[in-house]
Amino acid sequence: MPELTIAAWILLGSFALLLILRVPITFALAASSIFTAIYLKIPLMAIIQQMVQGVNSFSLLAIPFFIISGEIMGEGGISQRLINFANLIVGRFRGGLALVNVLASMFFGGISGSAVADVSSIGAILIPMMKKEGYDSDYSVAVTVTGACQGILIPPSHNMIIYSLAAGGVSVGRLFLGGFIPGITLGIVLMILSYIIAVRRNYPTGRTYSFKEAILVTKDALLGIFTAVIILGGVISGIFTATESAAIACVYAFIITFFVYREIPISRMSKILYSSLRTLAMVMSLIASAKAFGWLLAYLKIPALVTASLLNITSNPILLLLLINGLLLLLGCIMDMAPLILITTPILYPIVVNSLGMDPVQFGIMMMLNLAIGLCTPPVGSALFVGCAIGKIPIERATIAMLPFYLGMIVVLMFVTFMPAMSMFIPNLLMP
């Protein structure tokens, strides 16, 4: 057996074995890279250099700012204000709280960019509220968890920044714009499904607001939503980069939370920074380890081998895209989102972009939606775990309740895959 083939088995086999042994994925990536380098007699300093190079990118500075601004807004009462605003819009319909849940997730996702943060903040308020109003626990969790996936698509999303890095510098601004229509479409589909189930189960309607109340609720919510306007407006207009917009959004979130809303004391900032640092440490160490792993994948020509293998199965573009979607959905069930972006992008990018001619932005949105579905599927769906913990129900029960929502998400995924205009219309219009 050739040396490179044995090295490929060592790299992939040791990585899979460490995952089965429940070793944290950052350490699994680093360890398998080190084992392979030792076998190939590659100096370990070369692996260290690749890890340093992986995090030595100006665009990655946007990630800590997005994380901090999301933490500040989540702690500072923005969640309740967005819920009130969503309730004003759709709460009066049958199953209003479910519709409010999805719409609030759409708003909050546009601020935090994190599905798990969405479930933690919106779900902590709405799941107990829905149960108290007579909604079934499994339905409440299903709506919350699937609705949170909008945060991966609707900008700002730090996962899009990671994809941009892995894909070799795809425009972050165009990626942000490309997620708008798919994210909103996903929200509308989930609201339609929620409403149909609510009517069949005869869930209650919500309250109506007076004109004066509506003005106050809107005013309170718009201050928070304006965070996303700052980020997108600055990037689209070219006034500042995605990294600079993230820093400005962070300062704005700080001012709104501590000097306008004033629901928490400024002493809570230390807790917010600590929580942000923990998240950032996990993300950056993961990026560093994945860079070394990806470098070895390229050294061993594994992406080229995968490309040739898939093209040997079929040359039909539709079947190839279905195969790639199926692969990403399967991997999303067993691995977390960020490492999958870093590992699979260099492998699948040449097939989808170079061989099939798909725009890198469309492929990025397709990948985001695939892996977002993975966040709410067992056995590794982190958003699903958080939702079940809040709703105090078994994962199996929540998964069964989510089956119609899974179907809706797959339908939207097919639209994104085979209708380029869904993800390309706004980027081509505003950032050609």
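Residues numbered from 1 in each chain as written. Predicted model: local features only at pLDDT ≥ 70, side-chain atom pairs only at ≥ 80, totals over all residues. Heavy atoms only, no water.

Let us look at helix α1 (residues 3-20). Taking 1.5 Å per residue, 18 residues should reach 26 Å; α1 reaches 25 Å between its end C-alpha atoms and fits that length. Within the span of α1, buried status applies to Ala 7, Ala 8, Leu 11, Ser 14, Phe 15 and Leu 18. The arc that holds every buried residue of α1, seen down its axis, measures 150°, which confines them to one face. Those residues of α1 that are exposed and angled more than 90 degrees off the buried face are Trp 9 and Ile 20. Positive backbone phi, at 65°, marks Arg 22, one or two positions downstream of α1. (Helix = DSSP H or I, 4+ residues; strand = E, 2+ residues; numbered from the N terminus. Expected span 1.5 Å × (residues − 1). Buried < 20%, exposed > 50% of the residue type's maximum accessible area, 1.4 Å probe, protein only. Arc of directions from axis to C-beta.)

What tends to happen in soluble globular proteins is that the nonpolar side chains get buried as a cluster. With 151 residues, the main nonpolar core has Ile 63, Tyr 139, Tyr 163, Phe 363 and Met 368 as its most contacted residues. Excluding residues within four positions of it along the chain, Phe 363 makes contact with Tyr 163, Leu 348, Tyr 349, Val 352 and Met 358. (Core = buried A, V, L, I, M, F, W, Y, C linked by side-chain atoms within 4.5 Å. Contact = heavy atoms within 4.5 Å.)

Looking now at a nonpolar patch on the surface. Residues Phe 93, Ile 184, Ile 188, Ile 192, Tyr 195, Ile 196 and Val 199 make up a contiguous nonpolar surface patch of roughly 590 Å² in combined accessible area. Mapped onto the elements of the fold, Ile 188 is located in helix α12 (residues 180-201). Taking relative accessible area as the criterion, Ile 188 reaches 43% and is therefore assigned partly exposed. (Patch = residues over 30% accessible without salt bridge, like charges linked within 9 Å, V, L, I, M, F, W, Y side chains within 5 Å. Areas by Shrake-Rupley, 256 points an atom, 1.4 Å probe, with all protein chains shown as cover. Salt bridge = Lys/Arg side-chain N within 4 Å of Asp/Glu carboxyl O.)

In this model, Asn 202 sits at a positive phi of 60°, which is unusual for a non-glycine residue. Along the chain, Asn 202 turns up in the loop between α12 and α13 (211-237). Relative accessible area serves as the criterion here: at 56%, Asn 202 is assigned to the exposed category. The backbone phi angle of Lys 301 is positive, close to 60°, even though this residue is not glycine. Looking at Lys 301, the relative accessible area reads 56%, which means it is exposed.

Moving on, we get to the environment of Val 189. Assignment of secondary structure puts Val 189 in helix α12. Judged by relative accessible area, which is 21%, Val 189 ranks as partly exposed. Those residues within four positions of Val 189 in sequence are excluded, and the remaining contacts are Gly 408 and Val 412.

Leftover empty space is mapped by rolling, across the atoms, a probe with the size of a water molecule. There is about 270 Å³ of room inside the second largest pocket. Lining the second largest pocket are 14 residues, with Leu 165, Ala 166, Lys 291, Leu 342 and Pro 346 positioned closest to its centre. Of all the secondary-structure elements, those providing two or more residues to the lining of the second largest pocket are α3 (44-55), α10 (158-166), α15 (269-299) and α18 (337-355). Class assignment of the residues belonging to the lining of the second largest pocket gives a composition of eight nonpolar, five polar and one charged. (1 Å grid on protein atoms, 1.4 Å probe; cavity = no way out; pocket = protein on both sides within 12 Å on 5 of 7 lines; lining within 4 Å. Points joined across faces, edges and corners; volume = space filled by probe spheres on them. Nonpolar A, V, L, I, M, F, W, Y, C, P; charged D, E, K, R; others polar.)

Time to look at the packing of aromatic side chains. How two aromatic rings sit relative to each other is set out by the distance from centre to centre and by the angle between their planes. Counted according to the given criterion, the structure contains 10 aromatic pairs. Relative to Phe 293, the ring of Phe 15 lies with its centre 5.1 Å away and its plane at 50°, an arrangement referred to as tilted. A residue pair is termed long-range when its members are at least 10 positions apart, and Phe 15 in helix α1 and Phe 293 in helix α15 qualify at 278 residues. As far as the burial class goes, Phe 15 and Phe 293 line up, both buried. Note that Arg 81 overlies the ring of Tyr 261, its terminal NZ or CZ placed 3.7 Å from the centroid. (Phe/Tyr/Trp six-rings, centres within 6.5 Å; stacked < 30°, edge-to-face > 60°. Lys NZ or Arg CZ within 6 Å of the ring centre and 35° of its normal.)

For the pair α10 and helix α19 (residues 360-374), the least separation of the axes is 11 Å and the interaxial angle reads 130°. Judged by the angle between their axes, α10 and α19 are oblique. The handedness of the crossing between α10 and α19 is right-handed. Contacts from Asn 159, Met 160 and Tyr 163 of α10 reach α19 at Pro 360, Phe 363, Gly 364, Ile 365, Met 367 and Met 368. Residue classes in the contact of α10 with α19 are distributed as seven nonpolar, two polar and no charged. (Axes fitted to C-alpha atoms, helices over the stretch in contact; angles between N-to-C directions. Parallel < 35°, antiparallel > 145°, perpendicular 65-115°, else oblique. Left-handed = near helix turned anticlockwise from the far one by under 90°.)

So, about the confidence of the model for the protein chain. Reading predicted coordinates in detail is not appropriate for stretches of low pLDDT. This prediction gives the protein chain a mean pLDDT of 85; 98% of its residues lie at or above 70. Ranking the helices and strands of the protein chain by mean pLDDT puts helix α22 (residues 403-418) first, with 95, and helix α16 (residues 302-313) last, with 78. (pLDDT = per-residue confidence, 0-100.)

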